[in-house]
Amino acid sequence: MPGQCRPVRIIQTDGLRHQIQSFLWPKIAHVFKPRTDLRSRSIRHLDYAPLLSRLILGVILNLMVGTVGEYSAKVYWYFCRYSLGSTMNKTKNIVRSLADEIASGNLRAGDRLPSIRSAALEQGVSKNTIVDVYDRLVAQGLITARQGSGFIVATPNHPIREDDVPRHLVEAVDSISLLRAQLDQNYAVRVGDGRPPAFWMAGIPMRNLPDLLNDTGNDTSGYGSHMGYQPLRTLIAARHNADGIAITSEQIVTTFGANHGLDLIVRRYLKAGDTVLVDDPGYYPLFAKLRFSQINFVGVSRGPNGPDLNQLRSLAIEHRPKLFFTQSLAHNPTGTSMDLATAHGVLKLAEMMDFMVVDDDPFVDLPDPKGVRLAALDGFDRVIFVGTFSKTLSASFRTGYIAADRSIIEELAELKMITTVNSSRFAEMIIAEMIQNRRYARHLKKLAGRLLNASQKLQDDLALLDLHCKAAPGQGYYAWLDLPAGTSDTELAKKAAAEGIFLAPSSFFSVQPSSAPPGMRLNVTRTGDPRFLRFLKRELGS
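Every chain's residues receive numbers from 1 upward, in the order its sequence appears when written. Per-residue local features of the predicted model are confined to residues with pLDDT of at least 70, and side-chain atom pairs are confined, for both listing and counting, to 80 or more; whole-chain, interface and lining totals are unaffected and use all residues. The basis for every side-chain value is the complete set of heavy atoms in the structure, and neither hydrogens nor water enter the calculation.

(A) The arrangement of helix H12 (residues 309-319) in detail. Note on exposure labels: buried denotes an accessible area under 20% of the residue type's maximum, exposed denotes more than 50%, and partly exposed covers the range between, all computed with a 1.4 Å probe on protein chains only. In this description a helix means any DSSP run of H or I spanning at least four residues, a strand means any run of E spanning at least two, and both kinds are numbered starting from the N terminus. Among all positions in H12, only Leu 312, Leu 315 and Ala 316 are buried. Here the buried residues of H12 occupy an arc of 105° about the axis, which is enough to place them on one side. Turned more than 90 degrees away from the buried face of H12, the exposed residues are Asn 310 and Glu 318. At its buried positions, H12 is contacted by strand S5 (275-280), strand S6 (296-303), strand S8 (323-326) and helix H13 (340-353). Positioned one or two residues after H12, Arg 320 has a phi angle of 45°, which is positive. Arc definition: it is the arc formed by the directions from the helix axis to the C-beta atoms. Whether two residues are in contact is decided by their heavy atoms, any of which lying within 4.5 Å being enough.

What follows is the structure in structure tokens.
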């Protein structure tokens, strides 16, 4: 029977080997005999006892009888593997059979299963095997153990809500299908991805975490301040001060990346039915958040130098928005940045129409930015700034921050404490150390050089195909490719997908996808792949 010790015939038995077989084997088998405490229904199976007894006997044979002993050890090891594998297969088969019986309704809630002894006899297996079977079914929630009653079929769990999924949730999930495709990474060529290739981030100099923690002199086991890691906030404030923007660490709260920052702002200052303005095309994860929160959002056309000021004025008059979500530099998805006139016009309208501007800038740390930052003109009077390290470092850090007037930061920090208690202190400590030791600055310099080369190559490649971007690439990771009139960007994306190429058509980024002009977001860091260029030439080349 599987799982029990049984003697194995040894070839060319002599007196010594015969003594080992007839005397030691029963002793070892008895010491390691499997036992199960069935009275308490606690599962303490020792199915590995036969394995251990065989192994010990094999070792003894090997030490005492040389070559023949080696042969014997191999024989015992073979039987050990065979017995264990056979038991495992039978366990899985019985589990699957009982699970199918429960799923089909042949075994209904409340039905009592056979006792361990009866089930073992019926299935022709050891009691330990049945204990293992019942243990797995309990773990799956299919059966439950009742003291004095044995094992019975469990009552099925009911869903939290039985009505249809809310429409706003369905719309929110649908709008992030592009994000799902990026996370799944099922494409060989990912021009529509939001992140650079892994090798662009490879070799980021990082200090050993245990050494870093030992040097802090602080209690690293606690939550830390709900505002975030103080040294990192001080360094962020110094970074903004270097750009001529007056701010202190008390005006900064750290977050789990920019998306968490946007989520806090939406939760704190908006309610269902409110209306906000957004860039169009714009940041699609933001659109998903707004849909989920049942916030109305209206698009403001994004041009080469930023949002259309005339349209912004008319929409602000019509809708009286509480917030305008935009990006002053390296806009996602167009790659455009605001010039001085546009930045000044946005802030003037915000003051006149009494709305706040949320400026989400993931590339603020890149050297020599093109364009004008809103906070540089406003001083956080009408601006709530959202920054992140997830784009310029590893996305796995999930570390960002919000910078704003102190009263706003205190409100957002309270909400952060309610929803997540705190952000990742360890990640913030690592980033702070990288900034202090100039490792981050060296990484940014290398990243900017790669971006410059990739941007120039993209411009040269597109010029050969007589294709043009909304703005010259090189401001962040993204560029917006305007497609010829009459082109279906969704059909183009489907054709590309059939060839293992992931594209991001305009519909993902448009407030009204059905009326969006044909275009697509290009990730500059990935456009050098010859497979993508061959596809463009074949489908769009003149």
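Once you've had a look at it, read on.
(B) Looking closely at unusual backbone geometry. Of note, the amide linkage connecting Asp 280 to Pro 281 takes the cis form, showing an omega dihedral of 0°. Considering the arrangement of structural elements, one finds Pro 281 in the loop between S5 and helix H11 (284-292). If you check the backbone angles, Gln 294 has positive phi at about 60° while not being a glycine. Tracing the backbone shows Gln 294 in the loop between H11 and S6. On the basis of relative accessibility, which here comes to 43%, the residue Gln 294 falls in the partly exposed class. The phi dihedral of Asp 466 falls on the positive side, at around 60°, and the residue is not glycine. Looking at the element boundaries, Asp 466 is found in the loop between helix H17 (439-464) and strand S12 (468-469). Under the relative-accessibility criterion, Asp 466 is labelled exposed at 51%.

(C) How the structure looks around the packing of aromatic side chains. Pairing of aromatic rings covers Phe, Tyr and Trp, the last through its six-membered ring, and needs centres within 6.5 Å; plane angles under 30 degrees mean stacked, over 60 mean edge-to-face, and all others mean tilted. Summed over all chains, the structure comprises 13 aromatic pairs. Relative to Tyr 401, the ring of Phe 385 has its centre 6.0 Å away and its plane inclined at 35°; by these criteria the two rings are tilted. In this pair, Phe 385 is assigned in strand S10 (residues 383-388) and Tyr 401 in strand S11 (residues 400-403), connecting sequence segments 16 residues apart. One exposure class covers both Phe 385 and Tyr 401, and it is buried. On the basis of an interplanar angle of 65° and a centroid distance of 5.7 Å, the ring pair of Phe 389 and Tyr 440 is categorised as edge-to-face.

(D) Seen up close, the sheet that holds S8. In short, DSSP must find at least two bridges between two strands for them to pair. Strands sit in the order S4-S11-S10-S9-S8-S5-S6-S7 across an open sheet of 8 strands; the sheet is mixed. Each edge of the sheet is formed by a strand with only one pairing partner; in this case those strands are strand S4 (252-255) and strand S7 (306-307). Angles shown run from 0 to 180 degrees and are taken between the N-to-C directions of axes, each axis being a line fitted to C-alpha atoms and, for helices, limited to the stretch in contact. Those strands touched by helix H10 (residues 257-269) are S4, S8, strand S9 (356-360), S10 and S11, and its axis lies near 150° from that of S10. Lying over the sheet, H11 contacts S5, S6 and S8, oriented at roughly 160° with respect to S5.

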